[in-house]
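# Coordinate analysis (summary)
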Amino acid sequence: MAKTTLIENGRVICPGQGIDKRLNLLLAGGTVAELTEGRPEADETIDATGLIVAPGLIDMHVHLREPGMEGAETIATGSAAAVAGGFTTIACMPNTEPAVDNEAGTEFILLQAERAALARIYPVGAVTKGRLGRELAEIGQVSRAGAVAFSDDGSPIHNAEIMRRGLEYARMFDRVVIEHCEDPDLSGEGVMNEGTMSTILGLPGIPSASEEVAIARNIILARLTGARLHVAHVSTAGGVELIRRGKAAGAHVTAEVTPHHLALTDECVRTYDPVFKMNPPLRTADDVAALRDGLRDGTIDVIASDHAPHPPESKQVEFSQAPFGVIGLESLLPVAITELIDEVLDWPGLIATLTVAPAAVLGIDRGTLRPGADADVTLIRPDQRWTLDVERFRSRSRNCPFHGREVTGRAVRTIVGGNTRFRAD
Amino acid sequence: MAQLGEPALEWTRKHLLGLEDLSAEELDIILDTAESFREVSTRKRKKVPTLTGKVVVLMFVEPSTRTVTSFSLAAGRLSADTVSFSKGGSSISKGETLVDTARNIQAMGCDVIVLRHSAPGAPHLLARNLECSVVNAGDGAHEHPTQGLLDMFTIRERKGHIEGLTVGICGDIKYSRVARSNIWGLTKLGARVVVCGPATLIPDGIEEMGVEVFHDLDEFIPQCDVINILRIQLERQKSGLFPSIREYARVFGINSERLERAKDGLLIMHPGPMNRGIEITPAVADGPHSVVLDQVTNGLAVRMAVLYLVCGAKG
């Protein structure tokens with residue numbers, strides 16, 4: 001007989017099934033057996049009184065840095081960070097050294113994920129060879145090897161013709177193209193949002209137009225090709241509006257936003273601390289308000305971390321010389337709960353952006369507690385007040401802009417395939 | 001006014017990173033202190049023992065002539081020991097980080113690091129990571145506080161006051177640390193600041209720093225009591241920010257004909273180094289309105305005051 005686990009007395013929220021109710025969840029042999037008001041016998045019982053029982057959370061935008069930059073993160077440390085943050089599933093970007101643009105690279109990610117044996121990891125393959133934006137990568141073979149999406153993330157695809165061909169080609173394999181929407185010419189040497197703050201600080205700016213021009217172009221190309229486009233980390237009010245109009249016009253476009261773009265503004269850069277340096281950069285309060293509106297009205301589908309580890313020494317330098325990127329696997333959920341619950345989203349709404357919505361974008365059958373689904377479950381204590389402390393993070397890196405922040409709510413238990421992979425002490 | 005060698009009780013800042021953070025009172029303390037130090041440079045023996053036993057390190061990671069000389073003389077006149085190094089002759093060129101280099105310097109016992117660096121915020125990075133005082137001697141396009149102070153000192157000396165004056169800044173505002181320090185300092189002391197330059201060199205949101213923007217010199221000049229003419233970096237033309245040096249000189253160069261419409265008693269300032277014949281004609285640079293060499297002279301007194309105050313702040 002397969003091992004059975006009963007998670008009882010919790011508030012089960014499964015947006016995919018429209019469930020938000022006090023129910024008991026029975027897991028058996030690594031799958032969901034049933035959601036019931038009854039109390040079936042089980043080998044193990046977990047008391048979830050006061051907890052939210054959610055489908056295992058999905059972070060569809062993570063940089064695991066392996067192969068090539070293991071000083072910043074590895075697939076093992078990134079997996080540990082994922083489950084500690086409540087994520088049972090993550091998708092990892094191909095901007096490694098070398099880039100994941102072939103079958104062998106894709107299989108290596110899957111092998112390392114299996115060895116780490118913590119979270120489920122889906123590789124994202126590069127759209128172009130070496131992420132150079134010149135020739136299409138072997139999208140068909142990489143899909144067969146296990147990549148669920150394609151992206152040159154970290155860099156935009158500069159050439160509109162290559163972007164068009166990438167969308168057309170990926171569509172054949174029913175794969176989404178995740179695009180880092182940016183016009184590199186408009187961004188130039190920019191290191192922060194262009195505006196009053198960059199003028200005061202004397203730092204070169206990245207105008208909102210850099211993102212907006214690229215989003216507009218890519219939505220037009222998505223309509224031309226009929227392909228699925230996912231806009232990574234939208235950061236501007238103009239970008240949200242373009243996506244809203246693109247959806248209304250029938251383009252197959254989805255979008256994600258990060259917690260840092262929802263919670264922080266370019267005022268943070270005043271300290272010149274590179275922990276606030278990422279691309280796209282922190283924008284203004286007006287942009288933050290527009291991103292929140294975008295989540296509220298469904299223009300933005302997904303919340304993702306854009307977890308981008310960098311070793312401490314690389315961020316202990318002049319702002320303009322530090323690399324772009326912040327980590328987020330272990331801060332996403334508490335920051336999202338603290339910033340968004342009641343004000344922007346209700347609980348089922350927030351859980352949806354972290355479960356069914358990213359699963360739909362990636363085309364994977366996850367993010368649900370439907371009977372028969374894999375037993376991936378995240379238990380959340382919604383009212384726990386605590387302080388984010390990077391020294392306690394599982395990630396190998398420390399570049400979190402939310403360090404020291406008072407937050408409410410956290411994942412207290414992360415179950416992958418019926419096995420507990422993380423438990424808060 | 002502070003007496004020589006006596007700690008300024010009102011001064012509490014360990015670092016001078018920019019003029020944005022300073023209050024009008026603090027600006028006045030520096031300018032008054034500089035006033036009291038000016039006389040030292042006119043003595044036969046140009047030295048006072050005020051900072052005897054203090055160590056001032058001049059870290060000029062970006063090239064400089066007048067600022068490094070000025071700081072070096074200023075520290076010398078206060079009897080501080082000085083060491084100076086540049087990028088080429090230091091371990092920074094061997095890949096050591098700025099923080100590591102500075103920590104090593106600090107470990108040898110230094111009281112003040114004067115930093116010139118091409119990266120905005122580099123002095124803030126040192127201030128966060130070191131115990132000693134940090135004085136910003138120019139950080140990229142961010143601030144050059146002692147230049148701002150010496151410009152204000154020169155205006156106050158010539159005009160008797162700053163409040164109520166209209167001070168114009170002309171040229172490449174976008175990449176100018178001098179412009180930013182002047183804007184903060186002058187507006188705090190009650191001047192009206194107007195800027196003039198090509199639209200491509202006026203940065204986004206500058207109005208929110210409290211200035212008015214012009215693009216036409218003939219409209220701009222008659223309003224000004226003082227015009228600070230900025231150096232145009234010739235490489236800006238190569239990066240496409242204006243079409244040609246010739247066009248820049250015609251549209252934004254300050255010449256004698258244009259100054260015919262200026263107010264009486266107009267002061268012409270330039271932080272140097274000048275491109276004679278481009279942003280300023282030789283006739284204007286050397287003409288009756290020009291106070292460019294006074295600026296340099298006053299720079300010494302201002303830097304003496306700053307070194308003295310930050311050393312005193314530590315007790």
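Here the structure is a predicted model, which means the values were calculated and not measured.

Scoring rules and cut-offs
Residues numbered from 1 in each chain as written. Chains lettered and ligands numbered in written order. Predicted model: local features only at pLDDT ≥ 70, side-chain atom pairs only at ≥ 80, totals over all residues. Heavy atoms only, no water. Helix = DSSP H or I, 4+ residues; strand = E, 2+ residues; numbered from the N terminus. Buried < 20%, exposed > 50% of the residue type's maximum accessible area, 1.4 Å probe, protein only. Contact = heavy atoms within 4.5 Å. Areas by Shrake-Rupley, 256 points an atom, 1.4 Å probe, with all protein chains shown as cover. Lys, Arg positive; Asp, Glu negative; His and termini not counted. Charge placed at Lys NZ, Arg CZ, Asp CG, Glu CD. Domains from an automatic or database assignment. Buried area = accessible area lost by both parts, 1.4 Å probe. Salt bridge = Lys/Arg side-chain N within 4 Å of Asp/Glu carboxyl O. Polar contact = N/O pair within 3.5 Å; in protein donor to acceptor, adjacent residues only side chain to side chain. Pairing = 2+ DSSP bridges. Right-handed = clockwise from strand over helix to strand, strands pointing away. Core = buried A, V, L, I, M, F, W, Y, C linked by side-chain atoms within 4.5 Å. Phe/Tyr/Trp six-rings, centres within 6.5 Å; stacked < 30°, edge-to-face > 60°. Lys NZ or Arg CZ within 6 Å of the ring centre and 35° of its normal.

### Describing the overall build of chain B
- Within chain B, the secondary structure is distributed over 12 helices and nine strands.
- Structurally, chain B occupies a C-alpha span of about 55 × 45 × 35 Å along its principal axes.
- Here chain B, with 315 residues, has 58% of them falling under the buried criterion.
- Intrachain contacts of chain B at a sequence separation of at least 6 include 73% that bridge at least 24 residues.

### As for the overall build of chain A
- Counting secondary structure elements, chain A contains 14 helices and 18 strands.
- By principal-axis analysis of the C-alpha atoms, chain A measures approximately 65 × 45 × 45 Å.
- At a minimum sequence separation of 6, the contacts of chain A that also span at least 24 residues come to 75%.
- For chain A, the exposed area adds up to about 15000 Å²; of that, 48% sits on carbon and sulfur atoms.
- Charge centroids of chain A, computed over 41 positive and 58 negative side chains, lie 3 Å from each other.

### What about the domain arrangement of chain A?
Residues and elements named next belong to chain A.
- Domain parsing of chain A yields domain 1 (4-52 + 374-423) and domain 2 (56-362).
- On a C-alpha basis, the centres of domain 1 and domain 2 stand 25 Å from each other.
- Interface area lost by domain 1 to domain 2 is led by R396, N399 and P401, which between them contribute 21%.
- Linking domain 1 with domain 2 are three salt bridges.
- One salt bridge in this structure joins R120 and D374, with 3.8 Å as the shortest N-O distance.
- The interface formed by domain 1 and domain 2 contains 18 residue pairs in polar contact (both at pLDDT 80 or more).
- When residues in the side of domain 1 that touches domain 2 are grouped by element, the largest group, nine residues, is from strand β17 (residues 406-416).

### Quick look at the interface of chain A and chain B
- Each partner contributes to the interface: chain A provides 18 residues, whereas chain B provides 24 residues.
- Surface buried jointly by chain A and chain B totals about 1600 Å² across both partners, of which 52% is contributed by carbon and sulfur atoms.
- It is A:T199, A:Y272 and A:E318 that lose the most area in chain A upon contact with chain B, and together they represent 35% of the buried surface on that side.
- The interface formed by chain A and chain B holds one salt bridge in total.

### Concerning the pairing of strand β5 (residues 166-170) of chain B
Residues and elements named next belong to chain B.
- β5 sits mainly inside the fold: five of its five residues count as buried.
- Covered by surrounding structure in β5 are T166, G168 and C170 together with V167 and I169, the residues of both alternating faces.
- Alignment of β5 against strand β6 (residues 192-196), held across five bridges, turns out to be parallel. Of the residues in β6, the one forming a bridge with C170 is C196.
- You can see the chain leave β5, run along helix α6 (residues 177-188) and come back into β6, and the turn it takes is right-handed.
- In the sheet, β5 pairs with strand β8 (residues 226-229) via four bridges, with the strands oriented parallel. Considered in β8, the bridge of C170 is made with I229.

### What to know about the nonpolar core
- In this structure, B:V114, B:L149 and B:L307 are the most contacted members of the largest nonpolar core, which totals 90 residues.
- Of the residues forming this core, the biggest block, 11 residues, is contributed by helix α12 (residues 292-313) of chain B.
- Both domain 1 (4-52 + 374-423) and domain 2 (56-362) of chain A contribute no fewer than three residues apiece to this core.
- The residues touching B:V114, leaving out its near neighbours within four places in the chain, are B:V56, B:V57, B:L58, B:M59, B:F60, B:F71, B:V135, B:A137 and B:L307.
- A:A81, A:I157, A:L167 and A:A170 belong to the second largest nonpolar core, which has 68 residues in total.

### What about the packing of aromatic side chains?
- The full count for this structure, using the stated rule, is five aromatic pairs over all chains.
- Here B:F242 and B:Y248 contribute two aromatic rings whose centre-to-centre distance is 5.1 Å and whose plane-to-plane angle is 45°, an arrangement assigned as tilted. Each member of the pair, B:F242 together with B:Y248, is buried.
- Over the face of the ring belonging to A:F324 we find A:K277, whose NZ or CZ atom lies 4.7 Å from the ring centre.

### What about unusual backbone geometry?
Residue and element names in this part refer to chain A.
- Residue P67 is bonded to the preceding E66 through a cis peptide linkage, with omega at 5°.
- A cis amide bond, omega 0°, links E97 with the succeeding residue P98.
- Looking at where P98 falls in the secondary structure, it is placed in the loop between β7 (87-92) and α2 (103-116).
- Positive phi, close to 50°, is recorded for D306, a residue that is not glycine.
- Residue placement: D306 occurs in the loop between β15 (302-303) and α11 (312-315).

### Some thoughts on the pattern of salt bridges
Residues and elements named next belong to chain A.
- For the structure shown, the criterion picks out 38 salt bridges over all chains.
- A salt bridge links D20 to R11; its shortest N-O distance comes to 2.8 Å.
- By relative accessible area, which is 36% here, D20 ends up partly exposed.
- Across the pair E241 and R244 runs a salt bridge whose closest N-O atoms are separated by 2.7 Å. Of this pair, E241 and R244 both sit in helix α8 (residues 237-248), separated by three residues, roughly a single helical turn.
- On the accessibility criterion, R244 (27% relative accessible area) is partly exposed.

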